[in-house]
Each structure stands twice: as structure tokens, then as C-alpha cells.
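# Chain and residue survey
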Amino acid sequence: MPLSLEEVERIATLARLELSAEEKTRYRQQLSAILDYIRKLQELDTTDIAPTSSAPGGDSSLRADEPRPGLSRADLFRNAPETEQEQFKIPPVFE
Amino acid sequence: MNLELTDLTLMQAIEALRSGEISSRELTRACLERIEKLEPSLHAFLHLAAESALAQADEADRQQVTGDGQHKPLLGIPIAVKDVLAVEGLPCTAGSKILEGFVPPFTATAVKRLQEAGAIAIGKTNTDEFAMGSSTENSAYGMTHNPWDLTRVPGGSSGGSAAAVAARMVPAALGTDTGGSVRQPAAFCGVTGLKPTYGRVSRYGLVAYGSSLDVAGALGHTAEDVALLFSIMAGRDALDATTQDVAVPTIDLVGATLAVASGRGLAPPLHGLRIGVPREYFVRGIQVEVEAGVRQAVSVLEGLGAEVHEISLPHSEYALPVYYIISPAEASANLARYDGIRYGSRIQAEAMWDIFYRTRGRKFGAEVERRIMLGTYALSAGYYDAYYGQAQKVRTLIKRDFEQAFERVDVIAAPVAPTTAFPIGAHRDDPLAMYLEDVFTLPANLAGVPGLAFPVGFDGAGLPVGMQLMGQHFHEDVLLRAAHAYQQVTDWHMRAPSL
């Protein structure tokens, strides 16, 4: 049950990945093989089994919601590809 | 002289520094010289911090003399840090072009705790891109070579750290383990590597891959060395809500008592220790010498007083498909943050959407793109229940296998990987074959239990054979004690590659 080229393109769009025609062909074949293997899970009956989302307990504890010092603006912007007046700069979104 | 310094284990280096026999500057410089000599053939490092390391070494030497560093168990010890753990001021690429030039303004908790204990981050080690891989061949900055045979992979994804320790470039290093990424390279390079219990070591500052699986661990020459680093890194951290408030076993860390730590903290013998050998881990396809090495090591443990039982972990064969749904699903969400806007590199475009598509499409490597797509597919409308939902339920079955096994035994002994280090390029165009390399390490991550890999022999080609011990949640000390006892009566862990 291989993925269609359209499915590969749909997934790439959802994941915001620009792929070349060659990549689409290659990933289609590779992902289809991986998915075939993964479908092995369908053979198990898990009707009454609860899902595990984390291990060991997954009971995240919550901290008190108190203000505390964080990173400075200078530190935050230092790694940005493009900034202007301490803001992240992107191309215009609206005309 | 320098060779002798770099041959020291972590514990030996600590003693030599404390006694004043050597200085941190001498040790750090010896490490840097050895790195410089071997990097061209190994490529274990992505960044070196020679200057700041030497400055910290001088400060450590000063504190050693004045006594200001009395309470710091790692004072003046150089360590290497896998390039997925943030160290303030040092580049952090996670082996990816998308993070090229990124210099984090903060330090990962695991690293910070070691630094507060006196350790010096000497450099960042190579890794498969975003820790996705089993060989370091997926690093965007060139692969690492195995110190035992340069034509073979060091394992992955913490291959740089394992190779650096094996090659005596550093006495110890940090790695991370999402599906075997500390244990498998430890086995391939003949070093000792601990994957702690999930939630035992903070993930703050760890570049996220699979958040319900990721954990930072330590690699060194001996179980004692790894135990010391672990006991310092571990414990509750307010910056990672999944860390648990469970007491961390302490080896006596302070001052002169270090010398007797081996006799008190991790003392053999193993009388009464129940070891389970799971039949599902000795299947067709496993290299004969790997099986023989593990079985031989189990009988050594038996000779030290342990009882050996055959056990079953019946859902083992499903760990691989479960992992390759859950980890890509989590990765696809975690890696959505790399958008070319806030940090990392950008490919400029006329429209904002095109910045996303192009930056991600061109800066992520093939394995990362495959896993993002796999995860996106498994979480997408219409497929969620069949893939992600089913995988989470089977994860419960795998966890239960361990719970049931640990009613009968204290420790599970198994191979780390089906083979010793494989040749470079062996799985180049077959991702599924590469995934199968992790078949014995993934279950511990899915169940969240700790695993410790250590060398138990060599195969006919002279490559290290590793064994792993797995234990109950938060029982790392049981694994470390067993491995320590083994290392008292064997010397595989002290063998060094000729480089």
C-alpha cells in the first residue's frame, strides 16, 4: 500500500518542507517501506489497553506562577537571522 | 607524559588533581593536544573551546590551591558535551545546518550542574542531525569515525562523545539517549554509557527530539566515572516539569573519601542480585560473537553472586514500529519551531511562507525530513488513531512487559545492538535497515527505564562488544553496582584503541 505522490506532497505541505521532484520520489518509496513495516502494529488487539503518553509516570508537577528573571532582549535577538528595532523582521504579509 | 594524562580515568584524574600531582591546565592541555592530533582522522568534535577551557583550568588550579574548590568534586576536569546540549557562549548546531551559527544564551541544566561541580566544557561533540541516527553519518558537518577501525561508524547519535572518550581525548563526555543514542555508540566504541531513567535528568537546554523519550546521560571509561557524573547531573529541576523528585543515590563525593568510593558506594559482590536474560533479545540475525560476549559476561556476573533467570519481554518485536511512530510524531511537533524567523539560519524569500518552506526544505537533512514527514503523517487527520493512538497503546504493553519482568528480577541483561560497529555507508540508502540497529535499545526508552552499556569483549575483527543492563525506574545504582563489580574482575573497559 505505497503512498501516492499526492500524499507525499500533502504531507510535505503540512510539514512546511519544500522538496525537489527527486526527493519526493525517494521519500515516497522510503516512507512507504517504513509504513509497511510499522503496520505490523495493527495485528495487536489493544481494545482495553490505555495509551501511554509519557514515562515513567508522566505526572508533570506545576510550579508556582511567579515572575522571575528571564533572558534579556539582547540575548533573545542575538540569534535572529534578521531584526529591526528589537523585533524579528519578516517580509510583508499584507499589501 | 601527555599520553599518561589522557589515559587517566575520571576518578584517577580527580585524585591526581586533588593530590597536586597534576594541574588542571596540564590535564586540559593534554586533552587539547590529543584532540588536535586525532581530530583529522576521527572528527569527534564540532566545536572546540580551547581558550575558555584553559582559562577555566587556571581558575580551577587556583581554587585547588586556595581550597575554594574543596566542595567541587569535578574541579578542573575537562569534559566533552554532545552538540545537542546548550552551553552558554558555545555554538549549538545539533549537527544541523538549520542551527548553523546559533549560540545559545543559556546552559542546559545537566551541563550547568557539572560546571558548578567544577567541570570544564572543552568542546561540543558530533552527532547525527537532531540526534536522529545510529552512526553519526547523518551529521550535516561530516561523520565521526570509530577509533577502533576508521572505516567503521562510531554508532550514534552520541558518536562524537563515545569516540572522544574511547580515543582518550577526554576522560568523560555527555550524550543524550532517545532510542539508544548513548548506549549504542558506547557499545560500538568500547566505553561505558548510562541512559538514566526518563525524568531523572533535566531536559532543560537539550535540543528537543522526542520529548517523552529524551534523556541526557554520561559516557566514560568505568561505571564509577559514569556514576559520579550521573549523581551530579540527576535530580529535580524546576526548569523541566517532567523531572521527578526522587532521591539520587550518592557515591561519597567529597574530598579524600573519593578514594574509598569504590569500596563503599558501589561495592561488590552481587549476592542476591537477580538477573533476567530476555529470550527475545537473542534472535536470528544477532552476530555470534555479540551473543557469546553477552552470555559470557552474564556468567561472570553469576560468578560474582548473581542469580540468572531466563525471562520474556513478549512485546519486544513491536518496540521498533512503536518508536518509529512516537518519536517522529514528537519530532514533527518539536522541529516546527525551526522556521527561519527567530533563530538559526534562514533562506530569504519574497513571502514569509516561502521562508518557512525553503529554509526547512534546504537546511534539514534527509533523515530529519523523513522523520518529520513520518510524524506529520502519523498525526494527520484520518491516520491519528490507526498510527499514533495504536502506538501509544502498544507502548503500554511494552511498559507492562518490563513491570512484569521486574517482579521476578532486579536487572535485565541484553545485547546493546545486534552487531558490532558496522562499516561506513552500510545502510546509506536503506533507512529501515538503519532503524533495525536500534532494536534492542528502543524498549528502555519507551518504558522509561534506565540502561547501562559497557564493554564485555571484542569480536574477531577487534571491535568492542557491548552489553546493556536495564533496571527499574530510578534504580540506576543497581545497574552501576553490577557493572562496577564486573569491571573489578575484567579489564575490557580499560582497553584502548591504537591510534
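If you're wondering where the values come from, they're calculated on a predicted model, not measured in any experiment.

Conventions and cut-offs
- Residues numbered from 1 in each chain as written.
- Chains lettered and ligands numbered in written order.
- Predicted model: local features only at pLDDT ≥ 70, side-chain atom pairs only at ≥ 80, totals over all residues.
- Heavy atoms only, no water.
- Helix = DSSP H or I, 4+ residues; strand = E, 2+ residues; numbered from the N terminus.
- Rg over C-alpha atoms; globule rule 2.2 N^0.38 Å.
- Buried < 20%, exposed > 50% of the residue type's maximum accessible area, 1.4 Å probe, protein only.
- Contact = heavy atoms within 4.5 Å.
- Areas by Shrake-Rupley, 256 points an atom, 1.4 Å probe, with all protein chains shown as cover.
- Lys, Arg positive; Asp, Glu negative; His and termini not counted.
- Charge placed at Lys NZ, Arg CZ, Asp CG, Glu CD.
- Polar contact = N/O pair within 3.5 Å; in protein donor to acceptor, adjacent residues only side chain to side chain.
- pLDDT = per-residue confidence, 0-100.
- Salt bridge = Lys/Arg side-chain N within 4 Å of Asp/Glu carboxyl O.

## Some remarks on the overall build of chain B
Along chain B, the regular secondary structure elements total 17 helices and eleven strands. The C-alpha radius of gyration of chain B comes to 21 Å, within 12% of the 23 Å expected for a compact globule of 499 residues. Counting over 499 residues, chain B shows a buried share of 67%. By sequence separation, contacts in chain B at least 24 residues apart represent 76% of the contacts at least 6 residues apart. Roughly 15,700 Å² of accessible area belongs to chain B as shown, and the carbon and sulfur atoms make up 52% of that amount. Averaging the positions of the 41 positive and the 55 negative side-chain charges in chain B gives two centres separated by 4 Å.

## Focus: the side chain of B:Asn334
Residue and element names in this part refer to chain B. Along the polypeptide, Asn-334 turns up in helix 11 (residues 319-334). For Asn-334, a relative accessible area of 11% gives the class buried. A distance of 3.0 Å separates polar atoms of two side chains, one belonging to Asn-334 and the other to Ser-211. Dropping the residues within four chain positions of it, Asn-334 is found in contact with Ala-208, Tyr-209, Gly-210 and Ser-211.

## Considerations on the confidence of the model for chain B
Mean pLDDT over chain B works out to 94, with 96% of the residues at or above the 70 mark. Predicted complex metrics record ipTM = 0.94 and pTM = 0.95.

## So, the pattern of salt bridges
In the structure shown here, the tally under the stated rule is 28 salt bridges over all chains. Between A:Lys24 and A:Glu9 there is a salt bridge; the shortest N-O distance is 3.3 Å. With a gap of 15 residues between them, A:Lys24 in helix 2 (residues 21-38) and A:Glu9 in helix 1 (residues 5-14) connect regions that are remote in the sequence. Exposure remark for A:Glu9: the relative accessible area of 31% places this residue in the partly exposed category. With its nearest N and O atoms 2.9 Å apart, the salt bridge here joins B:Arg62 to B:Glu59. Taken together, the residues B:Arg62 and B:Glu59, both in helix 4 (residues 50-66) and three residues apart, mark about one turn of the helix. Residue classification places B:Arg62 among the partly exposed positions, given a relative accessible area of 39%. By relative accessible area, which is 34% here, B:Glu59 ends up partly exposed. Through salt bridges with shared partners, one network takes in A:Glu82, A:Glu84, A:Lys89 and B:Arg346.

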